[in-house]
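# Survey of secondary and tertiary structure
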Amino acid sequence: MKMMTDEEILHKAMLLLEQISQNPDLYTESILREISEPEMKGVEAILQKIAENPKGVLAFDELFGDKVRLVLRFPVKDETSELGQWVYELEQNLEVKPDYEKGMLSIDREWEDHDEPIDADVERIMGTGKPPKKIKKKLQMKIGRYFTKLDELVKEYIQIRRKIVDRGDKWLLDELDDEPWLGITSGDEEETLDKQELKNYNKLRNSLALYLGNTSAGGVGKYILTPAQKEVWVDNEQKRRDEQDKGDISHGHEPRKRKPIVAPETGFKIMGDYWVKKAKYVKENINDLENDQYSIILTRHPVDIMRMSDFEKITSCHTPPSRAEQQQSYYKCAVAEAQGHGAIAYVVETDDLFSQTNTSNIESAQQELEDYDEIFVEQNRYLHGTNLDLTPVSRTRLRQFRYFRDFDGEDEPYEGKELAVPEKATYGLKIPGLINTVTKWAREKQDDLFEKLPRKDGKINLDNFEIYGGSYEDTADAVGREILMMNLTGLQSGEFIGDVKQNKETEDDLPPEMIGDVEKMLKNTCEAVAREWNPKYASCEVDFYVRTHDHNEWFIIPEGKLMLRWPLDEWTQLPNVVVGQDIADYLNQSYFDPEVPSGDLFNVETGAIYRGGPENNEGIIFRCEFNNKLVPSMNGETTVFDADGFIHFCKGVDQLDDRRDTFQALVEQFAKQEGYFEGHAYISLAQKIENNEIGSYEWDVEYDKEHYTESYDAWAKVSYDYDPEELGVDPRTLFDLVDRREFALRLRGFLTSAAREETGGEYWLSIRDKSAVEVGGDIRYSISFKVDADVPDDLVAQFYELITGDMDDEDEIAKAFMGALREEAAKNNVNLGQPPAEKQRNFDDLKDLGEVWRRFI
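Remember, predicted model here, so these are calculated numbers, not experimental data. (Residues numbered from 1 in each chain as written. Predicted model: local features only at pLDDT ≥ 70, side-chain atom pairs only at ≥ 80, totals over all residues. Heavy atoms only, no water.)

Attention now goes to the overall build of the protein chain. When you go through the protein chain residue by residue, the secondary structure sums to 30 helices and 24 strands. Expressed as a percentage of its 857 residues, the buried residues of the protein chain come to 47%. Partitioning the intrachain contacts of the protein chain with sequence separation of at least 6 by distance along the chain shows that 70% fall at a separation of at least 24. Carbon together with sulfur atoms contributes 46% to the accessible area of the protein chain, which is approximately 44000 Å² in total. (Helix = DSSP H or I, 4+ residues; strand = E, 2+ residues; numbered from the N terminus. Buried < 20%, exposed > 50% of the residue type's maximum accessible area, 1.4 Å probe, protein only. Contact = heavy atoms within 4.5 Å. Areas by Shrake-Rupley, 256 points an atom, 1.4 Å probe, with all protein chains shown as cover.)

This is the structure in structure tokens:
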């Protein structure tokens, strides 16, 4: 359909006067001019429909009659006073219904049974179990007894969970000092409690579900007094007693005898004491808590609906693109809703309502609202028209459900009967009672429809329902829609079957120009997504570019980058920046992930390695962009078309970010092979061991048998036999001398001294193993030293010098072993005999000949 010009629309609006005199709120020609230029298109279509055929264009004709805006009185209780806080906690948080005059309260709860078999959840996941058992209970009890019961239940709950902590892993005590039981999982409960204890615990949780309406650790924990709260309570109680004692003394009485002050464990004890002491005061003053500070404007006006999140204190993903600082992922949903679907309940200050409409009562204010094109303050667009200057402080929505059924006894089927279903979510100021007030109004106005709802097997059949308007749902999906129906009708889950379907036709058919400045909206929404995701990554970043084909089809080119960082001192030298492309190519050849499609994950030409970062914290940085086609969740695509698509891309980059350790290890492997990175010496050593190029005579050299590029550790072992008889010492004494840590460290010094001097090493080789065993009357002592891929290159050089240099000699090894032994013996006051005579070499012995020959080559 060709879009009308402003002049054509105004002409249509004038004609509208003659057709809908019963709807005076829609007649003014300036209605469109209250929307910014790009966003004006969002209400253009709905006004075209109204101009052509006004009847049935807006939702809820039967509820609103000939009105577009209604006003409801919205009395709220003061929460600032001591009484107000007590009442708010009781009515809003604990969700019970008190009768203060009678001193009673009623509870109506439904919850899933906690006392089910342990395997029930597993069976349901496998598709073989029964649905969870629901418990529904109603009861009445005295207000004072209610708080006493809660106090008892919560203290029992804490006691059991602290028992679980005491029996379980002690790390919980370190992680959560004040209340370690907060970190307990269901697995901890099942592991530490016996069968009977677990059964009792589940019964306790059922009781908490009934009385408290919550069984989570957080939900229960907020009513447990912290040490600081207890301290304040004790101070206040002491002050109260002191004042009381002063009064007694001033009247000539002795100060009364008292028990020591003991702070209560829970807030329920304090709430119960408040009722006991001030029940009369509560009954006398409860009605004075309510005030008329706020009123509710129910509106189905297209402009009001489209602006559902266009206020300084009410913003969300439905915010228009003109608010650049906000995320507008679902602004299109607000536009779809404004096409005659649903309504909004705005909360305004009653004084402002009366002042702006120049009235003094709700009824007159409601009548005046019908004469205005836009009733809320213009925040961002500075436009003109017949406006009021009201500022909403909170809002919720009424969603449009329709049900389809054939009425018995009628020949013609009746399709699409509307049902106004209030949301459960609010935006802006969280004012208690808003949802309840709107729901009560919707329930009373539609009560006659509930018996006519389509049913199957005696239950309301939600398969016959659809929800219209924008696709975004605060109370989302089939489960959420059933919850909204339960809230409206007051029925329980078991009285419904089927699922409410979502009708997205209006939203799907919206042309781009109706959503406003498409390019700006895409940039704003994607910038918000990038701001949200970038802090979550450890080694990745995301960015994007908005592009178009002839301004008809807009799309987004996402960009994901791997950003790896190292301290400067971990690299022995900085490669040329273009080596980054070689690293990217190496990553493509070396990295394999079954979850990533085959191909080159990294764009080689974007690879770079350089020195960067803050001046006082510079490091080595490797940067490379991912190939969009191979980012998980992209399914071979290189572009996306909205913020949702960009979010999917960000989630795919998040999966790659989880592989950062693998990427970093591969880059380090490349750098070590090329001599850029500390650890090059170990790779060279491992390669020599793998190729049998070490040539050590006295040392047994081994490694972990991995390919040298992936090898992690290598070690060398040497042994020496001590003869107790030649040394003139008892074998047991000799064994005791060498079988100790001090001797091993001393021997390490003798064995590695020459190698450390030769390599200038600052480090000591690590001892991998040591042992002393009796062999044919001698004491054979063995020691092995190790290096791995993480040690400094200097230490690898020391290891190589040890096994191939001067210490690869039988005589030198003997001197080292004997020197260490004599020092250890002297330290422990053990006398040794003379050392054995130097070995006379037999040059006919091939090994000895080999040793001599080695000295000449």
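That shown, we press on.
Below, the discussion takes up helix α11 (residues 227–250). With 24 residues, α11 should cover 34 Å at 1.5 Å per step; its first-to-last C-alpha distance of 35 Å lies within 8% of that length. Those residues of α11 that sit buried are Glu 237, Arg 241, Asp 245 and Asp 248. Phi turns positive, to about 80°, at Gly 252, one or two residues after α11. (Expected span 1.5 Å × (residues − 1).)

Right, let's talk about the packing of helix α4 (residues 82–93) against helix α12 (residues 267–285) for a bit. Between α4 and α12, whose axes approach to 11 Å, the crossing angle comes to 110°. Comparing their axes, α12 and α4 come out roughly perpendicular. Together, Glu 82, Leu 83, Trp 86, Glu 89 and Leu 90 of α4 and Met 271, Tyr 274, Trp 275, Lys 278, Tyr 281, Val 282 and Asn 285 of α12 make up the contact between the two elements. Here the residues of the contact of α4 with α12 are counted per class, giving eight nonpolar, one polar and three charged. (Axes fitted to C-alpha atoms, helices over the stretch in contact; angles between N-to-C directions. Parallel < 35°, antiparallel > 145°, perpendicular 65-115°, else oblique. Nonpolar A, V, L, I, M, F, W, Y, C, P; charged D, E, K, R; others polar.)

The next point concerns unusual backbone geometry. A positive phi angle, near 55°, is found at Asp 457, a position not held by glycine. With respect to the secondary-structure elements, Asp 457 resides in the loop between β12 (455–456) and β13 (459–461). We classify Asp 457 as exposed; its relative accessible area is 72%. Of note in this structure, Lys 705 is not a glycine but carries a positive phi near 70°. One can find Lys 705 in the loop between β21 (700–703) and β22 (713–722). Taking the relative accessible area as the measure of exposure, Lys 705 reaches 61% and is therefore exposed.

Another point: the layout of surface pockets. Its volume calculated, the second largest pocket comes out at about 1100 Å³. Lining the second largest pocket are 29 residues, with Trp 233, Gly 267, Ile 270, Met 271 and Tyr 274 positioned closest to its centre. Counting only elements with at least two residues in the lining of the second largest pocket, the list comes to α4, α11 and α12. Per-element accounting of the lining of the second largest pocket gives the leading share, eight residues, to α12. Looking at side-chain class alone, the lining of the second largest pocket contains 13 nonpolar, five polar and 11 charged residues. (1 Å grid on protein atoms, 1.4 Å probe; cavity = no way out; pocket = protein on both sides within 12 Å on 5 of 7 lines; lining within 4 Å. Points joined across faces, edges and corners; volume = space filled by probe spheres on them.)

The sheet built from three strands is open, its strands ordered β12-β13-β15 with mixed pairing. Strands with a single pairing partner mark the edges of an open sheet, and in this sheet they are β12 and β15 (496–497). Pairing analysis gives two bridges linking β12 to β13, with the strands arranged antiparallel. Its bridge partner lying in β13, Lys 456 is registered against Lys 459. (Pairing = 2+ DSSP bridges.)

The full count for this structure, using the stated rule, is 35 salt bridges. Of the charged contacts, one joins Asp 304 and Arg 69 as a salt bridge, the two residues approaching to 2.7 Å between their closest N and O atoms. In this pair, Asp 304 is assigned in helix α13 (residues 302–306) and Arg 69 in strand β1 (residues 69–77), connecting sequence segments 235 residues apart. The exposure classification of Asp 304 matches that of Arg 69, with both residues buried. In this structure, the salt-bridge partner of Arg 565 is Glu 541, at a minimum N-O distance of 4.0 Å. Taken together, the residues span a long stretch of sequence, with Arg 565 in strand β18 (residues 553–567) and Glu 541 in strand β17 (residues 540–549) at a distance of 24 residues. Its relative accessible area of 46% is what places Arg 565 among the partly exposed residues. (Salt bridge = Lys/Arg side-chain N within 4 Å of Asp/Glu carboxyl O.)

Residues Trp 699, Tyr 722, Leu 751, Tyr 781, Phe 817 and Leu 821 are the most contacted members of the largest nonpolar core, which totals 50 residues. Of all the elements in the fold, those that place two or more residues in this core are α24 (680–690), β22, α26 (731–738), α27 (741–759), β24 (778–788), α28 (793–804) and α29 (810–827). Broken down by element, the residue count for this core peaks at eight residues, all from α29. Val 518, Val 529, Ala 530 and Ala 584 belong to the second-largest nonpolar core, a separate cluster that totals 48 residues. (Core = buried A, V, L, I, M, F, W, Y, C linked by side-chain atoms within 4.5 Å.)

What follows concerns the packing of aromatic side chains. Enumeration over the complete set of coordinates arrives at 24 aromatic pairs. Seen from their ring centres, Tyr 720 and Tyr 722 are 5.1 Å apart, and the 75° between their planes marks the pair as edge-to-face. Judged by its relative accessible area of 19%, Tyr 720 is buried. Here the aromatic residues Trp 86, Tyr 100, Tyr 146, Phe 147, Tyr 274 and Trp 275 are joined through ring pairs into a cluster of three or more. (Phe/Tyr/Trp six-rings, centres within 6.5 Å; stacked < 30°, edge-to-face > 60°.)

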